Amino acid sequence: MNFEYQEKSLRELCESLLRDGTAGAVVGFGERSSVSGVAMPIIVKKPEDSGRLSWNSRCVPSLARYIADVKGVVAALVAKPCDARAAAALIVERQLDRKNIYIIGMECAGMTDSDGLTLAACAECSSRRAPVFDSEIRGAREVLSGYAAASAEGNSADRFRAEMDKCILCFSCRQACYGCYCETCFMDRGTPNWQPSKPDTGAKMIYHLGRAMHLAGRCVECGACENVCASGVNVRYLIKSVTDFIDAEYGYRAGMDTETLPALQTYSQDDGEPGFWGKDNE
Ligand code: SF4
Ligand code: SF4
Ligand code: SF4
């Protein structure tokens, strides 16, 4: 992959954006963590610090969560296509003002895990270029190397239960997801108490099914929830099923532009009524 060329172009662009005042800060990737090897998010404010920005196969985290940390100036976002989709979705959901963000779309051929294997979400990704951007840096080279996650098939109850058994209810997946921005998550509300002191299977199912419903038609398919999970829980398949269903039924995928409202926020008399089992009730 041509990361060196893209990184050099990115640094030059960001230096110029910060110098001419187009942006007051750049939300991007910096040094790799000495523990995980993942490129850590940084916010650069001085043009002369643009050289601290990095672009490589370990720019894994979703940066959309960090835009809110920039206040009072335009934030330039170093945006993988999935990050650009997240930013666009935040604009549609009125969590972000379009004029306060400058999207640098990075062409992306996929990110890897610590063994150099392509992450599962990246192997399945269909957005190699940002659908929304102010500047774009192309030049990514397609080199898919293996497949990081063991990917079981189907939507069986056994598969779901097996994933729940691995979950320790740490909520890292929620914290990593651009779409989980409620000030108080339903899981943290006192009444009813969704989260018992001992996280049992019931609480885990409530959390994951509740989260899947809250992200229905809003998931930007970045894989951050799965990539961050230390227990190796592959719950993205659950949300992906809902995402694919909404796309098939309503022709909507989140974050593809900055105007179209999510499918579940609109109503038309022509809408199908598929019901839970995927069949029209007519
Ligand atoms: S999900 Fe797609 S856009 Fe996001 S890092 Fe992977 S390949 Fe790139
Ligand atoms: S799926 Fe993973 S990241 Fe999410 S709550 Fe369970 S253990 Fe934590
Ligand atoms: S649910 Fe997972 S894949 Fe979807 S937007 Fe959130 S972190 Fe990304």
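Residues numbered from 1 in each chain as written. Chains lettered and ligands numbered in written order. Predicted model: local features only at pLDDT ≥ 70, side-chain atom pairs only at ≥ 80, totals over all residues.

**A few points about the environment of V228**
Link 1 in the chain: In this fold, V228 is placed in the loop between α7 (224-227) and α8 (236-250).
Link 2 in the chain: Distance in space between the C-alpha atoms of V228 and R174 is 9.7 Å, their sequence separation being 54 residues.
Link 3 in the chain: Non-local contacts of V228, meaning those with residues more than four positions away in its chain, are made with S172, C173 and A176. (Helix = DSSP H or I, 4+ residues; strand = E, 2+ residues; numbered from the N terminus. Contact = placed C-beta atoms within 7 Å.)

**Here's the deal with the site of ligand 3**
Link 1 in the chain: Residues in close proximity to ligand 3 total 14 residues, the closest being C177, C219, C222, A224 and C225.
Link 2 in the chain: Residue composition of the shell around ligand 3, grouped by class: 10 nonpolar, 2 polar and 2 charged. (Near = placed C-beta within 6 Å. Nonpolar A, V, L, I, M, F, W, Y, C, P; charged D, E, K, R; others polar.)

**Notes on the nonpolar core**
Link 1 in the chain: Core analysis: the biggest nonpolar cluster contains 67 residues, and V26, L77, V78, A87, I103 and I104 have the highest contact counts within it.
Link 2 in the chain: Looking at this core, the element that brings in the most residues is helix α2 (residues 81-92), giving 9 residues.
Link 3 in the chain: Residues lining this core come from more than one domain, with at least three contributed by each of domain 1 (3-137) and domain 2 (157-265).
Link 4 in the chain: Excluding anything up to four places from it in sequence, L77 contacts V27, L63, I67, D83, A87, I101, I103 and I104. (Core = buried A, V, L, I, M, F, W, Y, C linked by C-beta atoms within 7 Å. Buried ≥ 20, exposed ≤ 12 C-beta atoms within 10 Å, placed from the backbone. Domains from an automatic or database assignment.)

**Focus on the sheet that holds strand β4 (residues 101-106)**
Two modes of strand pairing occur in sheets, parallel and antiparallel, and in both the strands are linked by backbone hydrogen bonds.
Link 1 in the chain: An order of β2-β1-β3-β4-β5 is seen for the 5 strands of this open sheet, with the pairing classed as mixed. Pairing within the sheet leaves two strands with one partner each, and these edge strands are β2 (39-44) and β5 (135-137). Averaged over all pairs of adjacent strands, the angle between strand axes in this sheet comes to 30°, irrespective of strand direction.
Link 2 in the chain: Alignment of strand β1 (residues 25-32) against strand β3 (residues 75-79), held across 3 bridges, turns out to be parallel. Bridging from a neighbouring strand, A25 pairs with A75 of β3. (Pairing = 2+ DSSP bridges. Axes fitted to C-alpha atoms, helices over the stretch in contact; angles between N-to-C directions.)

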